[in-house]
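Observations on the three-dimensional arrangement
Below are the chains, spelled out letter by letter.
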Amino acid sequence: RDGDPPDAWLDDLRRALPEAQVDVWRPGLPPGYDHAVVWNVPQQLFDEQPQLRAVVNLAAGVDKLLDLRLPPALAIVRLEDAGMAVQMAEYACHALIRFFREFDAYADQQRAGHWAPRRPRARADFPVGIMGLGALGARVAQAVRQFDFPVLGWSRTRHALDGVRCFADEAELGAFLQATRVLVCLLPLTDATRGLLNQGTLGQLQPGGYLINVARGALLVEDDLRHLLDTGHLAGAALDVMAQEPLPADHWLWTHPRVALTPHVGAQTMRGESVAQVAQALRAIERGEAPVGLVRRDRDY
Ligand code: OXD
């Protein structure tokens, strides 16, 4: 994952799970393994290892894995936090403060050799709404609160977080969006959330709104974002994820003056934390317990 050689993962997993036999999968490896630890693997792995009992995905999002044909009884585990939550908090706060303090305008002024303090803006006019309140969203909410912005949260099922005005379910989505100016998206990609960030929903954000998407590109209808930026309803977007990755060279997102983009690096997988979580999860499964990060197949995350 993320540029680490497979051998480094192998060594660390062997060290963390001395009681296990750990091998690198390759096509044609004889079946017989109980568990798989994967990232971006082909269907072939599951076709050749039908006896697998559990798979641990080395990422928070399991959308790609769930696109494969997997045995119905296979336990699917995703990373929870594992060093990603603090990175998401950094990313979201960096983008939020960049927008709020108008750092892009100051960068333009510096290039023009122009000394011109701008009027400070009120934090109360920048309510931050976080979509998705799992381990990552909760950490982002906590970090944003440290800067005294009003914080709102929306999730499929109701959460209660200190100092966060929580909304739940489709019934409360409109009220959440209308009370939000800076939207931070950390939702999982599922059939229910694909394209959820569109003209109808983003159009309900407060005027001069911003989008920070650190989840999955397919949650956003990119042309709707473009329309909302060009008509001025939205003032900017920070995107770490795109519908097509890598982003094609001629894509409008590269050059839009109100878009800041990064190549899906919002929260990279940290080997040490991840290996510790993998070991913990596999031991829990071996004891017959539900591991942290167990995916619910009925809701796809
Ligand atoms: C993840 C990712 O889902 O890296 O963890 O995008």
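Structure report, in brief.

As a further point, take unusual backbone geometry. Most peptide bonds take the trans form, and the phi angle of most residues other than glycine is negative. Cis geometry marks the peptide bond from Glu245 to Pro246, where omega comes out at -5°. Structurally, the position occupied by Pro246 is in the loop between strand 9 (234–239) and strand 10 (259–261). In this model, Ala82 sits at a positive phi of 45°, which is unusual for a non-glycine residue. Structurally, the position occupied by Ala82 is in the loop between strand 3 (75–78) and helix 4 (84–100). Phi angles above zero are rare outside glycine, and Asp148 is one such case at about 65°. Within the element layout of this structure, Asp148 appears in the loop between helix 6 (135–146) and strand 5 (151–155). Its relative accessible area of 59% is what places Asp148 among the exposed residues.

This part covers the site of the ligand. Looking at the ligand, the residues that line it are Arg1, Ala59, Ala60, Gly61, Met84, Arg216 and His264. Between the ligand and Gly61, the relevant distance is 2.7 Å, taken from an oxygen atom to a main-chain nitrogen or oxygen of the residue. Here an oxygen atom of the ligand and a side-chain polar atom of His264 are 2.6 Å apart. When the ligand is considered free in solution it has 210 Å² of accessible area, and contact with the protein chains removes 92% of it. Per-class residue counts for the shell around the ligand are 3 nonpolar, 2 polar and 2 charged.

Turning next to the pairing of strand 8 (residues 209–213). The buried count for strand 8 comes to 5 of 5 residues, which makes it a mostly enclosed element. Side chains Gly209, Leu211 and Asn213 project from strand 8 onto one buried face, and the interleaved Tyr210 and Ile212 project onto a second face that is buried too. Pairing analysis gives 4 bridges linking strand 7 (residues 182–185) to strand 8, with the strands arranged parallel. Bridge pairing in strand 8 places Val182 opposite Tyr210. Alignment of strand 8 against strand 9, held across 5 bridges, turns out to be parallel.

Across the sheet, which stays open at both edges, the 3 strands sit in the order 1-2-3 with parallel pairing between neighbours. Looking at the sheet topology across the chains shown, the edges are occupied by strand 1 (35–38) and strand 3. The average angle at which neighbouring strand axes cross in this sheet is 15°, direction not considered. Taken together, the 4 bridges between strand 2 (residues 54–57) and strand 3 define a ladder with parallel strand orientation. Counterpart to Val56 in the pairing with strand 3 is Val77.

Below, the discussion takes up the layout of surface pockets. A water-sized probe, rolled over the atoms, reveals where empty space remains. Here the second largest pocket defines a volume of roughly 870 Å³. In this structure, the second largest pocket is lined by 30 residues; those nearest its centre are Leu13, Val22, Asp23, Ala36 and Val37. Among the secondary structure elements, those contributing two or more residues to the lining of the second largest pocket are helix 1 (6–16), strand 1 and helix 10 (271–286). Partitioning the lining of the second largest pocket into residue classes produces 20 nonpolar, 3 polar and 7 charged.

Rules used in this analysis
- Residues numbered from 1 in each chain as written.
- Predicted model: local features only at pLDDT ≥ 70, side-chain atom pairs only at ≥ 80, totals over all residues.
- Heavy atoms only, no water.
- Helix = DSSP H or I, 4+ residues; strand = E, 2+ residues; numbered from the N terminus.
- Buried < 20%, exposed > 50% of the residue type's maximum accessible area, 1.4 Å probe, protein only.
- Near = heavy atom within 4 Å.
- Polar contact = N/O pair within 3.5 Å; in protein donor to acceptor, adjacent residues only side chain to side chain.
- Areas by Shrake-Rupley, 256 points an atom, 1.4 Å probe, with all protein chains shown as cover.
- Nonpolar A, V, L, I, M, F, W, Y, C, P; charged D, E, K, R; others polar.
- Pairing = 2+ DSSP bridges.
- Axes fitted to C-alpha atoms, helices over the stretch in contact; angles between N-to-C directions.
- 1 Å grid on protein atoms, 1.4 Å probe; cavity = no way out; pocket = protein on both sides within 12 Å on 5 of 7 lines; lining within 4 Å.
- Points joined across faces, edges and corners; volume = space filled by probe spheres on them.

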